[in-house]
Amino acid sequence: MVSSPANELKQKHKIHDYSQQLSGSDYVFERLNEGMFGYMTGVGKGIKASDRIILLQGYESYQYQVEEIDYYSDPSDMWIALLKQVLVD
């Protein structure tokens, strides 16, 4: 497989760790399709589509990819996103 600069750019996603945040207080995660998808409302700047978010559910941590994200106008660092669970090796 030939690696092109465009492909390398697509793979550059940030990982945002929310596993130390308190669910229901710092963020809200609403599970869909047995947790394969979900809507999350949270606070933080610089989160974009294709970024990853780490969440703790019980004692397990899960990684989700941001499919869509919309920022609120007030406060400007609050957002809602559609997340898709990704399996991590």
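Okay, so let's go over this structure. (Residues numbered from 1 in each chain as written. Predicted model: local features only at pLDDT ≥ 70, side-chain atom pairs only at ≥ 80, totals over all residues. Heavy atoms only, no water.)

We now examine the overall build of the protein chain. Across its full length, the protein chain carries 1 helix and 6 strands. Along the protein chain, helices and strands appear, N-terminal first, in the series α-β-β-β-β-β-β. Here the protein chain holds 89 residues, and the buried ones make up 29% of them. Partitioning the intrachain contacts of the protein chain with sequence separation of at least 6 by distance along the chain shows that 46% fall at a separation of at least 24. (Helix = DSSP H or I, 4+ residues; strand = E, 2+ residues; numbered from the N terminus. Buried < 20%, exposed > 50% of the residue type's maximum accessible area, 1.4 Å probe, protein only. Contact = heavy atoms within 4.5 Å.)

Ranked by internal contacts, the top residues of the largest apolar core, which has 13 residues, are Tyr-18, Met-40, Ile-53, Leu-55, Trp-79 and Leu-83. Only strand S4 (52–57), strand S5 (60–71) and strand S6 (78–86) provide two or more residues apiece to this core. (Core = buried A, V, L, I, M, F, W, Y, C linked by side-chain atoms within 4.5 Å.)

Along the polypeptide, Lys-48 turns up in the loop between strand S3 (37–43) and S4. The class for Lys-48 is partly exposed, based on a relative accessible area of 46%. Residues Lys-48 and Lys-14, 34 residues apart in the sequence, show an inter-C-alpha distance of 8.4 Å. Not counting the four nearest positions on each side in its chain, Lys-48 is found in contact with Val-66 and Ile-69.

Our focus in this paragraph is the sheet that holds strand S1 (residues 15–17). Across the sheet, 6 strands lie side by side as S1-S4-S5-S6-S3-S2; this open sheet has mixed pairing. Each end of this open sheet is capped by a strand with a single partner; those strands are S1 and strand S2 (28–32). Taken over all neighbouring pairs, the strand axes of this sheet differ in orientation by 35° on average, direction set aside. Looking at chain direction, S3 and S6 are connected through 7 bridges and run antiparallel. Directly across from Gly-42, in S6, lies its bridge partner Trp-79. (Pairing = 2+ DSSP bridges. Axes fitted to C-alpha atoms, helices over the stretch in contact; angles between N-to-C directions.)

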